[in-house]
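Breakdown of the fold
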Amino acid sequence: MERHDLLYRLYDDFDTEQLREYQQFVDLFPPVDSRVALEHWQNANEELDDRKDEIRGAFAVGETFAEIAARATRDQAFAALDLHAKYDRAVNVLVLDVDETLRSAGGTDNEIPRDVLHVLTEFHEAGVPIVICTGQTLENVKGFMIQGLGSEIVHSGDLSIVYEAGTGVFTPGHGADTKQLLYENLDAETRSVFDAVRARVLPDAPDELRHCCHLQGNEFNVTLKPNFETGSTRAREVIDDALVYLLDLLGAVVVDELAVDAAAAASGDDPAIGAATDDESTGDGAGSGADTDAGVPANAWARAFYADADPEIRRVLERAGQFPEVAPDELPDAVATTFDRIDVAYYEADAAEIGSLELNKVVGVEAAFDVLGIDDPFALVMGDSKSDRRVMEWVDEHDAGIAAAPEHASQETLEHVLDRDELVFGQGQSAEMLRTAYALNQLAGIP
């Protein structure tokens with residue numbers, strides 16, 4: 001019989017729903033000091049084995065089908081079968097965003113659910129490496145991953161953390177390659193811009209903004225976070241203001257660092273570097289929209305450039321009535337070239353961030369794969385933002401994996417996923433997609 005016929009028989013002839021309930025109870029039963037509770041768990045485990053034995057005896061590949069039925073719904077199993085028919089490969093590495101992917105402020109109370117952690121443990125036990133790929137700080141990610149998965153898995157040598165959206169990679173158990181500070185490979189000019197932005201970001205901020213947000217403790221990126229619940233109306237207002245402020249500050253710093261002669265640039269003698277003093281290039285400071293000698297606000301250059309590059313940033317500026325009149329092609333070449341290397345990211349009601357376009361999640365994932373020894377990846381990439389979409393596009397271009405996203409992901413990320421395999425899951429339901437990948441791997445293991 002064909003595999004799809006066997007799956008139909010599996011889900012039609014057996015009570016797979018109750019089987020999954022037993023499996024989930026056995027897997028997620030909390031450790032309690034109670035003899036009665038332990039006896040209840042043992043009885044459930046025996047019933048689970050009996051039901052699996054029925055499936056094992058009914059199919060030539062009964063062990064595989066028993067595992068699929070115990071963990072995947074009918075829809076998940078058939079989605080896995082479609083993926084197997086299309087790619088004929090098992091997932092050999094997981095690349096997972098955390099916030100609003102593995103966990104959700106609205107769906108999981110900002111905790112990684114226990115069922116998600118358990119499925120990740122099963123992948124680890126099956127020898128599938130895990131790459132946690134996030135914009136968060138290393139110390140924060142290490143903390144909740146050790147708490148959730150345990151120190152043994154985190155330090156097993158098969159788990160890597162790409163942190164701050166690709167500025168560094170941490171892979172315990174790999175000697176000199178355990179921690180890679182990728183930002184150290186950037187040129188001195190770019191690092192100087194980041195140093196200056198970091199030094200000024202809070203001292204130069206307007207009082208109201210400074211009191212309503214905080215600077216995330218990054219090693220390299222500059223990230224402003226709201227002092228309000230992520231996703232709330234107040235958080236959105238603060239992050240919208242923070243984005244405009246970061247754009248203005250970046251514009252002022254770049255003009256400072258390049259010593260752009262704005263008057264010469266405006267008159268057509270572009271570029272003119274080294275002729276302006278700090279006062280001439282930035283006037284009263286980033287937050288004030290100060291004019292250069294030519295009467296062109298330095299912050300307008302940053303606003304124009306990044307609004308043209310990112311529709312989300314454009315919408316925020318328009319909403320705030322801060323959209324610049326200057327056109328992107330009016331920027332001095334030296335300024336535009338520097339902006340081309342710096343990323344400004346907006347995460348609605350969550351964060352506004354300045355990072356390096358030369359250091360993104362793709363660069364971090366490639367470095368993680370290298371340390372983990374993954375030469376021929378077929379990854380499941382799960383994420384919700386444009387930084388995750390870059391990884392999805394990278395695996396798609398290299399035939400190196402599949403992509404999945406939550407239904408509340410950014411529009412561009414959802415479009416990418418829907419155009420490929422339509423692997424979209426509900427808020428706080430990342431375990432569903434992981435179980436689909438688990439079923440895919442079970443099917444791929446059938447001779």
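Residues numbered from 1 in each chain as written. Predicted model: local features only at pLDDT ≥ 70, side-chain atom pairs only at ≥ 80, totals over all residues. Heavy atoms only, no water.

1. With respect to the overall build of the protein chain
Across its full length, the protein chain carries 20 helices and 12 strands. For the protein chain, the residues scored as buried account for 54% of the 447 residues in total. At a minimum sequence separation of 6, the contacts of the protein chain that also span at least 24 residues come to 66%. Surface exposure of the protein chain reaches about 19400 Å², of which carbon and sulfur atoms provide 43%. (Helix = DSSP H or I, 4+ residues; strand = E, 2+ residues; numbered from the N terminus. Buried < 20%, exposed > 50% of the residue type's maximum accessible area, 1.4 Å probe, protein only. Contact = heavy atoms within 4.5 Å. Areas by Shrake-Rupley, 256 points an atom, 1.4 Å probe, with all protein chains shown as cover.)

2. A word on the pairing of strand β1 (residues 93-96)
Residues of β1 alternate between two faces, with V93 and V95 on one and L94 and L96 on the opposite face, all of them buried. Here four bridges tie β1 to strand β10 (residues 379-382), and the two strands are oriented parallel to one another. Each residue of the ladder has a partner; that of V93, found in β10, is A379. Here β1 runs beside strand β2 (residues 130-133); their pairing, made up of three bridges, is parallel. (Pairing = 2+ DSSP bridges.)

3. Points about the packing of aromatic side chains
A complete count under the given rule lists 12 aromatic pairs for this structure. Between the aromatic rings of F14 and F59, the centroid separation amounts to 6.1 Å while the plane-to-plane angle is 45°, which identifies the pairing as tilted. Remark: F59 occurs in the loop between α3 (35-58) and α4 (62-71) and F14 occurs in the loop between α1 (3-13) and α2 (16-28); sequence separation between them is 45 residues. The interplanar angle of 45° and the centroid separation of 5.0 Å between the aromatic rings of F59 and F65 together place this pair among those described as tilted. Just as F59 is buried, F65 falls in that class too. An aromatic cluster is built from F14, F59 and F65, whose rings are joined through pairwise contacts. Directly above the ring of F144 sits R103, whose terminal nitrogen or CZ lies 4.5 Å from the centroid. (Phe/Tyr/Trp six-rings, centres within 6.5 Å; stacked < 30°, edge-to-face > 60°. Lys NZ or Arg CZ within 6 Å of the ring centre and 35° of its normal.)

4. Brief notes about the packing of helix α14 (residues 298-309) against helix α15 (residues 311-319)
Remark: α14 packs on α15, axes separated minimally by 5 Å, with the N-to-C direction vectors making an angle of 130°. When the axis of α14 is compared with that of α15, the two are oblique. As for how α14 packs across α15, the hand of that crossing is left-handed. Here R303, Y306, A307 and A309 of α14 lie close against α15, whose contacting residues are P311, I313, R314 and L317. Among the residues forming the contact of α14 with α15, the class breakdown is six nonpolar, no polar and two charged. (Axes fitted to C-alpha atoms, helices over the stretch in contact; angles between N-to-C directions. Parallel < 35°, antiparallel > 145°, perpendicular 65-115°, else oblique. Left-handed = near helix turned anticlockwise from the far one by under 90°. Nonpolar A, V, L, I, M, F, W, Y, C, P; charged D, E, K, R; others polar.)

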